[in-house]
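# Results of the structural survey
Residue strings, one per chain:
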Amino acid sequence: MIAKLVCLAVACAWCAGAQKLDFSSLDKLKTKAKSVNKVSLDGPQLADALSLLSGSDKESKKDLEELKSLVHKLTGIEVRNYEFEKKGQYKDSDLEGIRSQMEKLNGWSKIIDSKEDGEHSEIFMSSAEGNKGLVILSAEETEISVVMLKGANSLKELGSLGGIMGLPSMAVGPSKKDK
Amino acid sequence: MSDDLDQMLKEALARVEAPADLQAKIMARVNRPRWRQQLRPWAALAASLALGFGVWSGYQERQAKRNGEQLVYALQLASEKMSAVDGRLKRSSGTIRIEEMTR
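Residues numbered from 1 in each chain as written. Chains lettered and ligands numbered in written order. Predicted model: local features only at pLDDT ≥ 70, side-chain atom pairs only at ≥ 80, totals over all residues. Heavy atoms only, no water.

## Digging into the overall build of chain B
Rules: Only DSSP runs of H or I with at least four residues qualify as helices, and only runs of E with at least two residues qualify as strands; both kinds are numbered from the N terminus onward. A simple rule labels every residue: compare its accessible area, found with a 1.4 Å probe on the protein chains alone, to the largest value its type can have, and call it buried under 20%, exposed over 50%, or partly exposed in between. The protein chains shown are the only cover counted for residues, whose accessible areas, like all others here, come from Shrake-Rupley with a 1.4 Å probe.
On a plain count of helices and strands, chain B comes out with 3 helices and 0 strands. In sequence order, the secondary structure elements of chain B are arranged as α-α-α. A total of 103 residues make up chain B; the buried ones form 18% of that total. With an accessible surface of roughly 8600 Å², chain B has 59% of that area assigned to carbon and sulfur atoms.

## Some words on the overall build of chain A
Filter applied, for reference: Note on contacts: a residue pair is in contact if any heavy atoms of the two residues lie within 4.5 Å.
Check the secondary structure of chain A and you find 5 helices and 6 strands. If you list the helices and strands of chain A from N to C, you get α-β-α-α-β-α-β-β-β-β-α. Split into buried and exposed, the 179 residues of chain A put 43% on the buried side. Looking at chain A alone, contacts between residues at least 24 apart form 62% of all its contacts between residues at least 6 apart. Total accessible area on chain A is roughly 9700 Å²; 53% of this is exposed by carbon and sulfur atoms.

## Thoughts on the pairing of strand 2 (residues 76-83) of chain A
Residue and element names in this part refer to chain A. What counts here: Whether two strands pair depends on DSSP finding at least two bridges between them.
Counting buried positions along strand 2 yields 7 of 8 residues, so the element is predominantly enclosed. Bridge count between strand 2 and strand 6 (residues 143-150): 8 bridges; the pairing is antiparallel. Its bridge partner lying in strand 6, Glu78 is registered against Met148.

## Some remarks on the sheet that holds strand 3 (residues 108-116) of chain A
Residues and elements named next belong to chain A. The condition that has to hold: Between the N-to-C directions of two axes lies an angle of 0 to 180 degrees, each axis being a line fitted to C-alpha atoms and, for a helix, fitted only over the stretch in contact.
Read from one edge to the other, the open sheet built from 6 strands follows the order 1-2-6-5-4-3, with strand pairing classed as antiparallel. What marks the edges here is a single partner per strand, and that holds for strand 1 (35-42) and strand 3. Direction aside, the axes of adjacent strands within the sheet are offset by 5 degrees on average. In this structure, strand 3 lies alongside strand 4 (residues 119-126), joined through 8 bridges in antiparallel fashion. What sits directly across from Ile112, in strand 4, is Ile123. In the packing of helix 2 (residues 43-52) onto the sheet, contacts are made with strand 1 and strand 2, and the angle to strand 1 comes to roughly 100 degrees.

## Considering the side chain of A:Glu140
Relative to the elements of secondary structure, A:Glu140 occurs in strand 5 (residues 133-140). For A:Glu140, a relative accessible area of 16% puts it in the buried group. The residues contacting A:Glu140, other than those within four sequence positions of it, are A:Tyr90, A:Gly118, A:Glu119 and B:Lys81.

## Structural notes on a positive patch on the surface
What counts, and what does not: In this scheme, patches are assembled from residues that exceed 30% relative accessible area and form no salt bridge. Like charges are connected within 9 Å, while nonpolar side chains (Val, Leu, Ile, Met, Phe, Trp, Tyr) are connected within 5 Å. Should a side-chain nitrogen of Lys or Arg be within 4 Å of a carboxyl oxygen of Asp or Glu, the pair is scored as a salt bridge. For the purpose of charge, His is not counted, nor are the chain termini; Lys and Arg are scored as positive and Asp and Glu as negative. Each charge is placed at NZ for Lys, CZ for Arg, CG for Asp and CD for Glu.
A grouping of B:Arg29, B:Arg32, B:Arg36 and B:Arg40 is seen on the molecular surface, where their side chains present a positively charged patch. Residue position: B:Arg29 is located in helix 2 (residues 22-30).

## Considerations on the confidence of the model for chain B
Going by this rule: Every residue is assigned a pLDDT by the predictor, reflecting its confidence on a scale from 0 to 100.
When the pLDDT values of chain B are averaged, the result is 83; 88% of them are 70 or greater. Per the prediction output, this complex has pTM 0.69; the corresponding ipTM is 0.78.

## What about the pattern of salt bridges?
Residues and elements named next belong to chain A. With the rule as written, the count across this model stands at 16 salt bridges over all chains. With a shortest N-O distance of 4.0 Å, Glu141 and Lys87 are connected by a salt bridge. With Glu141 in the loop between strand 5 and strand 6 and Lys87 in the loop between strand 2 and helix 4 (96-104), this residue pair connects regions lying 54 residues apart in the sequence. Judged by its relative accessible area of 39%, Glu141 falls in the partly exposed class. We classify Lys87 as exposed; its relative accessible area is 58%. Salt-bridge contacts for Glu96 lead to Arg99; the nearest nitrogen and oxygen are separated by 3.0 Å. Here Glu96 and its partner Arg99 are both found in helix 4, 3 residues apart, which amounts to about one turn of the helix. The exposure class of Glu96 is partly exposed, given its relative accessible area of 41%.

## Brief notes about the nonpolar core
The following threshold applies: By nonpolar core we mean a set of buried residues, namely Ala, Val, Leu, Ile, Met, Phe, Trp, Tyr and Cys, connected to one another through side-chain atoms within 4.5 Å.
A:Ile77, A:Ile123, A:Leu134, A:Leu149, A:Leu155 and B:Leu71 are the most contacted members of the largest nonpolar core, which has 29 residues in total. Counting residues per element, this core draws most heavily on helix 3 (residues 35-92) of chain B, at 8 residues. Aside from chain neighbours lying at most four places away, what touches A:Ile123 is A:Ser109, A:Lys110, A:Ile111, A:Ile112, A:Leu134, A:Val135, A:Ile136, A:Leu155, B:Met82 and B:Val85. A:Leu29, A:Ile98, A:Trp108 and A:Leu137 belong to the second largest nonpolar core, which has 20 residues in total.

Right, dumping it as structure tokens:
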């Protein structure tokens, strides 16, 4: 009986840690950044947040329903965003701490790695049952962002939010021509 | 003279009958329900709880509003960065779009 309880406790601890990112490697950027934004919302806080959103007309109510159906699937959101005054105040290697954690997390893989003109973006995804999620690492000239959406099912869902509540429109997934 | 003094003393010390309703008044006071006194601490407790609940509700609502703002900010940032990636990939090749890898 005790052995079973111990195994259950270990399994719970493992599951809890499965999608946890340690952002402490980014703490050193706080002193150099001109602005720091941090978001940390768990499931109950997300539900609370949704309860206050409302639409005034039919169109916005429909958009809101779409937003709610996505957010209901999320189990947590983590954001760290640092903006700097000028270029060169951080290095791409400052994100190595996060990258190495993503490589070690079970079930996660990098699906996009894109670089252009000093901007580097990486998107990681996990589709494992019970461990779904999306992580975006973005390093621009004067801005670093890490966004983790725990429970996110697909890029397509996120893309469908384009235009709702000021979210940028983005075409994601196979084009209609290809279908 | 002594007769006058006697008379005056008799009148001054004469028995005065109690009013007819005196006993009733005394008994009414004695039998006044004590529930008013017993109710006071409970009324104070209820008022404190109501005040505390009001303060807590206000705090919860402010917190939910703040969470809502953070949620919108997080989704906006995610969409913005993914839009940037999408644009970058399109510039690399007009036929490439973000596709999900399926295992």
